[in-house]
Amino acid sequence: MAFRRLELPPPRVLLLVLSAFLGFLALEGFLFWAYRSAPLRLSLLDLLFWGALMLWSVSVRVPLPLSASMSQFFIFALASLILTPPWVASLLSFTFQWNRKVWYKELFNRSQNGLATGLAALVWQFFQQNPLYLGSWNLSEGMGIAAASLAFFLANTTLVTTAIHLANNVPWREVWRKNSAWIAASYLLLSPIALLLARAYETPLLGNWGGWTVLFFLIPLYYSRFYWDEKVRLEQAFDTTLELLMNALEAKDPMTRLHSERVADIARDLARKVKDGDEAYAQAIYRAARLHDIGKIAIPEAVLLKRGTLTPEEFALIQSHTTKGAELLSPARKVAFDQLVYNVILHHHERWDGRGYPKRLAGHEIPEEARIVGLADAYEAMTAGRPYRKAKTSEEALREVQELSGHQFDPRLVEAFTELWAQNPIWRDRHAYLAAKEGSVSRSTFSQPSSASASPSPSEPGSRTSEE
């Protein structure tokens, strides 16, 4: 096993890694003891062939959110447990991987795949030793491979989800939802292919070697992975498209350069704090905050950039950017965005006292994510300045946020925001933040490269205020 560098993970992650490895060793020992008399029907070259297929499947894996990935490794692991004794299949799964990761990640990946294969092999053997009939039909192989696939899926995804949960402090259910829940059906539907490959290998259809048939089936199998790959790529394409939309909004009003990005950085830190370090929630808030003013693209520049007093009609048009933003992104509701994004776009101008817009929600009626982004948006607007209003200092803006606690803002969020502000994050001072983005000072730990802006949204017609 090649280790790229020697380093230690957090203690709880290290404990999981060592537990998985010891669990694999214990299971492998049991399988060898229980099935040591089972004949090894494959030669060394046969074993190397299936090992090579496992290596290939890992090399074409698909990246997933939260530092995870997925591959069709399980198909070849399931095929190997049909063709070989259980202890051989689990040993192949442990051995034939090459991810070039740090040592504990490499060890964990090998161990969890070996464990998953070993458990799946036990399930397969159970159905072979206890035949299941429906009339004259023997259902043992079909039910066996389906049950083995389920066992592999549960063992694999449970261990990987737990590892990501411990390493990144993301709620276990959130990791499962993002990375595992949507692929469960794929495991079940693709499991018959493992049985087909195993039987085709035993009964050659091309030439005198079953491997030709297996290699032939790799063509559709390879392209089937594009279902997973395209899902990930589609989300990335939406992110890129929305980045372009935000750049277009910035071009309409360069005076508010990096407004949305700074709001997003503030909101992410605030979300992380109020959710006790929940990184998945914080990243979701960041993404939504980057889009919170997307509806201003639909507002005419003559109104959006007007320096003087707004008429009631113009004021209503400015306010409509919340509903226009939700309408603009509505085609992506079932593809790229969940409800959290729409809540932020639609409700970030609601007020705790119920005097906001567009729905005049109050208190906890306002979605928490909208309350978080609303506070971040207001602080950024106060410190940014406009042609018609001088920017407040960071201290002045903090005092105003505190004075509006229980009126415009959720008191609990104001308290958390005050604690964050006292830690002097890079976003606290706007000039320092802009300089950091230009590379002249160290960047914030939590910032991400992008650029966007927004324009002012008055709270009442006839005057411009700091509420955005």
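Residues numbered from 1 in each chain as written. Predicted model: local features only at pLDDT ≥ 70, side-chain atom pairs only at ≥ 80, totals over all residues. Heavy atoms only, no water.

**Q** Please explain the nonpolar core as it appears in this structure.
**A** Soluble globular proteins: nonpolar side chains tend toward being buried together. Ranked by internal contacts, the top residues of the largest apolar core, which has 46 residues, are Ile285, Leu329, Ile372, Tyr379, Val401 and Phe417. Of all elements in the fold, only α11 (259-274), α12 (279-290), α15 (321-329), α16 (339-347), α17 (368-384), α18 (394-403), α19 (411-422) and α20 (430-437) reach the threshold of two or more residues within this core. Counting residues in each nonpolar core, the second largest holds 40 residues, with Trp50, Ala120, Phe152 and Tyr201 among its members. (Core = buried A, V, L, I, M, F, W, Y, C linked by side-chain atoms within 4.5 Å. Buried < 20%, exposed > 50% of the residue type's maximum accessible area, 1.4 Å probe, protein only. Helix = DSSP H or I, 4+ residues; strand = E, 2+ residues; numbered from the N terminus.)

**Q** Please clarify how the environment of Ile75 should be interpreted in this entry.
**A** Relative to the helices and strands, Ile75 resides in helix α3 (residues 73-83). Judged by relative accessible area, which is 0%, Ile75 ranks as buried. Considered as a pair, Ile75 and Ala194 are 119 residues apart in the sequence and their alpha carbons are 5.1 Å apart.

**Q** Explain α11 here, please?
**A** Because the α-helix completes a turn every 3.6 residues, residues three or four places apart line up on one side. For α11, spanning 16 residues, the distance from its first C-alpha to its last is 23 Å, which sits close to the expected 22 Å at 1.5 Å a residue. Once α11 ends, the next one or two residues include Asp276, with phi positive near 55 degrees. (Expected span 1.5 Å × (residues − 1).)

**Q** Please clarify how unusual backbone geometry should be interpreted in this entry.
**A** Leaving glycine out, the prevailing phi sign among residues is negative, and the prevailing peptide bond configuration is trans. With omega at 10 degrees, the peptide bond leading from Tyr357 into Pro358 counts as cis. Its location among the elements puts Pro358 in the loop between α16 and α17.

**Q** In this structure, what is going on with the side chain of Gln112? I would like to understand it.
**A** Looking at the secondary structure, you find Gln112 in helix α5 (residues 103-129). For Gln112, a relative accessible area of 4% translates into the label buried. Once residues within four sequence positions are removed from consideration, Gln112 is found in contact with Asn156, Leu159 and Val160. (Contact = heavy atoms within 4.5 Å.)

**Q** Would you take a moment to explain the packing of aromatic side chains for this structure?
**A** A ring pair, where both rings are aromatic, is described by two values, the distance of the centres and the angle of the planes. Scanning the entire structure with this criterion turns up 17 aromatic pairs. When the centroid spacing of 6.2 Å and the interplanar angle of 40 degrees are considered together, the rings of Phe30 and Trp33 count as tilted. Highlighted residues: Phe30 and Trp33, both in helix α1 (residues 11-35), separated by three residues, approximately one helical turn. Consider the rings of Trp56 and Phe76, whose centres lie 6.2 Å apart with planes at 75 degrees: the pair is edge-to-face. Here Trp56, found in helix α2 (residues 44-59), pairs with Phe76, found in helix α3; they are 20 residues apart in sequence, far enough to count as distant. (Phe/Tyr/Trp six-rings, centres within 6.5 Å; stacked < 30°, edge-to-face > 60°.)

**Q** When you look at a nonpolar patch on the surface in this model, what are you seeing that I'm missing?
**A** Nonpolar side chains collect at one region of the surface, where Leu44, Leu45 and Leu48 lie side by side and expose about 340 Å² of accessible area between them. The residue Leu48 is located in helix α2 in this model. A residue is classified by how much of its surface remains accessible, and Leu48, at 40% relative accessible area, is partly exposed. (Patch = residues over 30% accessible without salt bridge, like charges linked within 9 Å, V, L, I, M, F, W, Y side chains within 5 Å. Areas by Shrake-Rupley, 256 points an atom, 1.4 Å probe, with all protein chains shown as cover. Salt bridge = Lys/Arg side-chain N within 4 Å of Asp/Glu carboxyl O.)

**Q** Honestly, the confidence of the model for the protein chain in this entry has me stumped. Any pointers?
**A** Any segment with low pLDDT has predicted coordinates that should not be analysed in fine detail. A residue-level look at the protein chain finds 79% of positions with pLDDT of 70 or above and a mean pLDDT of 80. For the protein chain, strand β1 (residues 62-64) is the element with the lowest average pLDDT, namely 53, and α19 is the one with the highest, namely 95. Under a pLDDT of 50 for its full length, residues 440-468 has, in the predicted model, 123 contacts with residues more than four places off or in other chains. (pLDDT = per-residue confidence, 0-100.)

**Q** Help me out: how do you make sense of the packing of α16 against α17 in this one?
**A** A pair of packed helices is characterised by two quantities: the angle between their axes and the separation of those axes. At a minimum axis distance of 8 Å, the contact between α16 and α17 shows a crossing angle of 50 degrees. Classified by the angle their axes make, α16 and α17 are oblique. The element α16 and its partner α17 pack so that their crossing is right-handed. Between α16, through Leu340, Asn343, Val344 and His347, and α17, the contact on the second element is made entirely by Glu369, Ala370 and Val373. (Axes fitted to C-alpha atoms, helices over the stretch in contact; angles between N-to-C directions. Parallel < 35°, antiparallel > 145°, perpendicular 65-115°, else oblique. Left-handed = near helix turned anticlockwise from the far one by under 90°.)

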